[in-house]
Each structure stands twice: as structure tokens, then as C-alpha cells.
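Coordinate analysis (summary)
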Amino acid sequence: MKITSNIRFWKIIFLALGVGLLFGYSVGSVLKSNNRSETILEVLKSASQCTEVNQIIYAKGVQFGKEGMSTEKGEYQLIGCEFQSVEEEAKRLHKILSDKVKNFQEVDLLELEFITNNQHKTIIIKNGKIQ
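Calculation criteria
Residues numbered from 1 in each chain as written. Predicted model: local features only at pLDDT ≥ 70, side-chain atom pairs only at ≥ 80, totals over all residues. Heavy atoms only, no water. Helix = DSSP H or I, 4+ residues; strand = E, 2+ residues; numbered from the N terminus. Buried < 20%, exposed > 50% of the residue type's maximum accessible area, 1.4 Å probe, protein only. Contact = heavy atoms within 4.5 Å. Areas by Shrake-Rupley, 256 points an atom, 1.4 Å probe, with all protein chains shown as cover. Pairing = 2+ DSSP bridges. Disulfide = S-S within 2.5 Å.

**Description of the overall build of the protein chain**
- Regarding its fold elements, the protein chain presents two helices and five strands.
- Mapped from its N terminus to its C terminus, the protein chain presents α and β elements in the order α-β-β-α-β-β-β.
- The proportion of buried residues among the 131 residues of the protein chain is 33%.
- Restricting to contacts in the protein chain with at least 6 residues of sequence separation, those with at least 24 account for 57%.
- For the protein chain, the computed accessible surface area is about 8900 Å², with 57% contributed by carbon and sulfur atoms.

Below, the structure is given as C-alpha cells:
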């Protein structure tokens, strides 16, 4: 009888430890993704020559939209930027984001909305690749 009680006790301890580790990992992942949103914003502000850079949304969780399903999505506005071509500027910023943002390719959907006096264009980056 005593041996059975000991086995149950250790099973409960290991189960509680497993649940605690899973919970800790989940919380850590969410906190790291928040850091990623702040890092993306800071990189865009420092790397672009824009009068204004705004984070519209950064959401983690299942979302459905015109670009399909995503689990991590960010939208940023870049206003009054100086560049020759939106596409070339997006490629340049993409390279910088890939280099400076840890696990940048894990962001399912990133929208960069360029707004200038004569242009309004959105560039989509899915899983670290420009579409």
C-alpha cells in the first residue's frame, strides 16, 4: 500500500512539473514576441528616412484576413519617406529587419504601408519573404 502511495505522489509531482514548464514556456514565448514588435518598430524608425513611423497593430494569436490565416501579424505605417522606389526601399528594410530582428522569419504577416505625397502602397512580408 505504501509503495502505491509513493508512486502516485511522484506521478503527481512530475505531472505538476510538466504543466509548470509548459506554462513557463508559453509565457516566455509571448514576452519574446512583444520584444519583437518593439524591435521591429525601432529598426524601422532608425533605418528609414521617414518623418513618421507608426505601429498600427501587432497581434499574436489566430487571425483571418484578406492575406489568409496568421498567428503573428504586424502593420506599420511609414509616412513621408525619402526614397526612389517603394520596392527598393522595402527590399532594403527587409534586409535590415532580417539582420537585426531575432527570428524575423517567424512573423507570419508583416505589412509595411508607405505613404508619401504621391504614393500610397502596401508591401506584404510573409514568413520573412517579400510577396
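**A look at the sheet that holds strand β5 (residues 129-130)**
- Taken in spatial order, the five strands line up as β1-β2-β3-β4-β5 in an open sheet, and their pairing is mixed. This sheet does not close on itself; its edge strands, each paired only once, are β1 (52-65) and β5.
- Of the pairings in the sheet, the one linking strand β4 (residues 120-126) to β5 comprises two bridges and is antiparallel in character. Note that in β5 the partner of K126 across the bridge is K129.

**Points about the state of the cysteines**
- Counted by the stated rule, this structure contains one disulfide.
- Note that C50 is cross-linked by a disulfide to C81, the S-S spacing being 1.9 Å. Here C50 and C81 share a disulfide; its torsion about the S-S bond, 95°, makes the bridge right-handed. Of the two residues, C50 is situated in the loop between α1 (2-47) and β1 and C81 in the loop between β2 (68-79) and α2 (86-100); the sequence distance between them amounts to 31 residues.
- Given the relative accessible area of 10%, C81 is considered buried.

**Examining the pairing of β2**
- Here β1 runs beside β2; their pairing, made up of 11 bridges, is antiparallel. By the bridge assignment for β2, N54 is matched with Q77.
- Between β1 and β2, which pair antiparallel in sequence order, lie two residues.
- Note that β2 and strand β3 (residues 109-115) share seven bridges and pair parallel. In the sheet register, Q77 faces β3, and the bridge partner there is E113.

Read these as spatial facts, not as claims about activity.
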